[in-house]
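# Examining the three-dimensional arrangement
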Amino acid sequence: MRRAIVILACLGLLAGCAGGPGSQAEQQALVDRATLAVQDMLGDNTAPARDAAARLRSARAVVICPQVFRVGFIFGGEGGACVLVGRDGAGSWSSPAFYGLASGSLGLQIGVQDMQVMMLVMTGRGLAALMDSQVKIGADVAIAVATLGAGLEGATTAAGGADIVALARSRGLFAGIALDGAVIAIDNRANRRVYGRDVTARMILENRARPQVDAVVAFRDRLEEAAAQAAR
């Protein structure tokens with residue numbers, strides 16, 4: 001019980017740090033930050049970044065969390081707002097569905113770190129899991145992790161048959177990223193604000209919902225351009 005209370009307190013702190021989306025303008029800002037995160041991460045001149053650009057072209061979907069906070073002081077955790085876009089049979093990206101990422105852990109740790117996280121969804125199983133209301137990484141889907149920047153925690157080329165290949169660019173006192181046990185849950189309120197009604201992730205990814213924020217519509221083109229430029 002005590003462990004559960006501490007984790008819930010941690011997640012509440014993370015939600016306050018991340019500043020969950022609360023308006024159409026904030027959703028638009030999140031999409032803009034997600035676009036910059038893609039450009040930053042795929043433009044990194046490292047082998048994992050180049051491999052990620054190649055994998056993006058064959059990915060079923062991608063989850064982009066432009067600012068994930070990881071905090072620790074006796075208890076710790078991660079949290080942030082994310083967008084999920086899927087690719088149709090013709091190779092075009094869908095409009096984004098809005099999600100939140102959160103996890104909790106216990107241990108003697110101290111520090112604050114924010115990072116950009118990109119999760120390439122490589123399998124239909126991984127995409128199906130994400131289109132449920134929430135998915136627990138490591139339990140519902142298999143994941144391989146690589147870190148871009150100062151240190152490399154894993155190689156995307158060794159991901160094998162993982163459902164999701166996650167890459168992170170991190171700054172701060174922590175090294176690397178731990179996503180096992182993290183929960184990715186759909187943000188129904190954010191999606192309702194952008195699409196004007198209650199919609200599911202499947203409806204958004206199958207383009208059966210029309211977004212009401214122009215910048216959200218343009219995000220599909222910018223994501224494709226960022227991937228194409230990085231792959232050159």
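Residues numbered from 1 in each chain as written. Predicted model: local features only at pLDDT ≥ 70, side-chain atom pairs only at ≥ 80, totals over all residues. Heavy atoms only, no water.

Among the residues of helix H5 (residues 188-195), those classed as buried are Ala-190, Asn-191, Val-194 and Tyr-195. Along H5, the residues classed as buried sweep out an arc of 115 degrees about the axis, all on the same side. In the segment just after H5, Gly-196 is the residue with positive phi, at about 75 degrees. (Buried < 20%, exposed > 50% of the residue type's maximum accessible area, 1.4 Å probe, protein only. Helix = DSSP H or I, 4+ residues; strand = E, 2+ residues; numbered from the N terminus. Arc of directions from axis to C-beta.)

With that settled, consider the pairing of strand S6 (residues 183-186). Burial of the side chains of S6 is restricted to one face: Ile-184 and Ile-186 are buried, whereas none of Val-183 and Ala-185 on the reverse face is. In this sheet, S6 lies alongside strand S3 (residues 134-136) in antiparallel orientation, the contact comprising three bridges. When the sheet's bridge partners are listed, Lys-136 is paired in S6 with Val-183. (Pairing = 2+ DSSP bridges.)

On inspection of all chains with the given rule, the structure shows four salt bridges. Across the pair Asp-198 and Arg-192 runs a salt bridge, and its minimum N-O distance is 2.4 Å. Judged by relative accessible area, which is 37%, Arg-192 ranks as partly exposed. The network of salt bridges with common partners includes Arg-202, Glu-206 and Arg-208. (Salt bridge = Lys/Arg side-chain N within 4 Å of Asp/Glu carboxyl O.)

Scanning the entire structure with this criterion turns up one disulfide. The side chain of Cys-65 participates in a disulfide bridge whose partner is Cys-82; the two sulfur atoms lie 2.1 Å from each other. Taking the torsion about the sulfur-sulfur bond, which here is approximately 100 degrees, the covalent link between Cys-65 and Cys-82 counts as right-handed. According to the relative accessible area criterion, Cys-65 is buried, its value standing at 0%. (Disulfide = S-S within 2.5 Å.)

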